[in-house]
Amino acid sequence: MGLETFGRSSLVAVAPIEAFEREALAKSLAQHFVTIYGAPSVDAAMGTALEEIDHMIALCEEQPPNTLLTVS
């Protein structure tokens, strides 16, 4: 799921991420959890959002930038 559009994709490109971008993406994802999935608050959803983003970072950290990965 793309964190800017929340659309689905079958390909992603690896890109570097700065700490402030990680935080902004986590807030956006946490808000999505509240709006779409009924999480009680953004604060309550932040831990899960950060876990999801950190999981993606871990999957990509061994890959050079611009590497394409398939998502299924």
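See the structure above.
Predicted, not measured: the structure shown is a model, and the values here were computed from it.

Conventions and cut-offs
- Residues numbered from 1 in each chain as written.
- Predicted model: local features only at pLDDT ≥ 70, side-chain atom pairs only at ≥ 80, totals over all residues.
- Heavy atoms only, no water.
- Helix = DSSP H or I, 4+ residues; strand = E, 2+ residues; numbered from the N terminus.
- Buried < 20%, exposed > 50% of the residue type's maximum accessible area, 1.4 Å probe, protein only.
- Contact = heavy atoms within 4.5 Å.
- Axes fitted to C-alpha atoms, helices over the stretch in contact; angles between N-to-C directions.
- Parallel < 35°, antiparallel > 145°, perpendicular 65-115°, else oblique.
- Left-handed = near helix turned anticlockwise from the far one by under 90°.
- Nonpolar A, V, L, I, M, F, W, Y, C, P; charged D, E, K, R; others polar.

Engineer: Describe the side chain of T67, with residues and values.
Structural biologist: With respect to the helices and strands, T67 occurs in the loop between α2 (42-60) and β2 (68-70). Among the residues examined, T67 registers a relative accessible area of 17% and is labelled buried. Excluding residues within four positions of it along the chain, T67 makes contact with V12, A13 and V14.

Engineer: Can you break down the environment of V42 residue by residue, with the values?
Structural biologist: Within the secondary structure, V42 is located in helix α2. The sequence separation of V42 and H32 amounts to 10 residues, and the corresponding C-alpha distance is 8.7 Å.

Engineer: Quick one: what's the story with the packing of helix α1 (residues 19-37) against α2, residue by residue and with numbers?
Structural biologist: Contact pair α1 / α2: the axes reach a minimum separation of 8 Å and the direction vectors enclose 125 degrees. In terms of their interaxial angle, α1 and α2 are classed as oblique. Remark: the crossing between α1 and α2 carries right-handed chirality. Contacts from R22, E23, L25, A26, K27, L29, A30, Q31, F33 and V34 of α1 reach α2 at V42, A45, M46, T48, A49, L50, E52, I53, D54 and I57. Tallied by class, residues from the contact of α1 with α2 come to 13 nonpolar, 2 polar and 5 charged.

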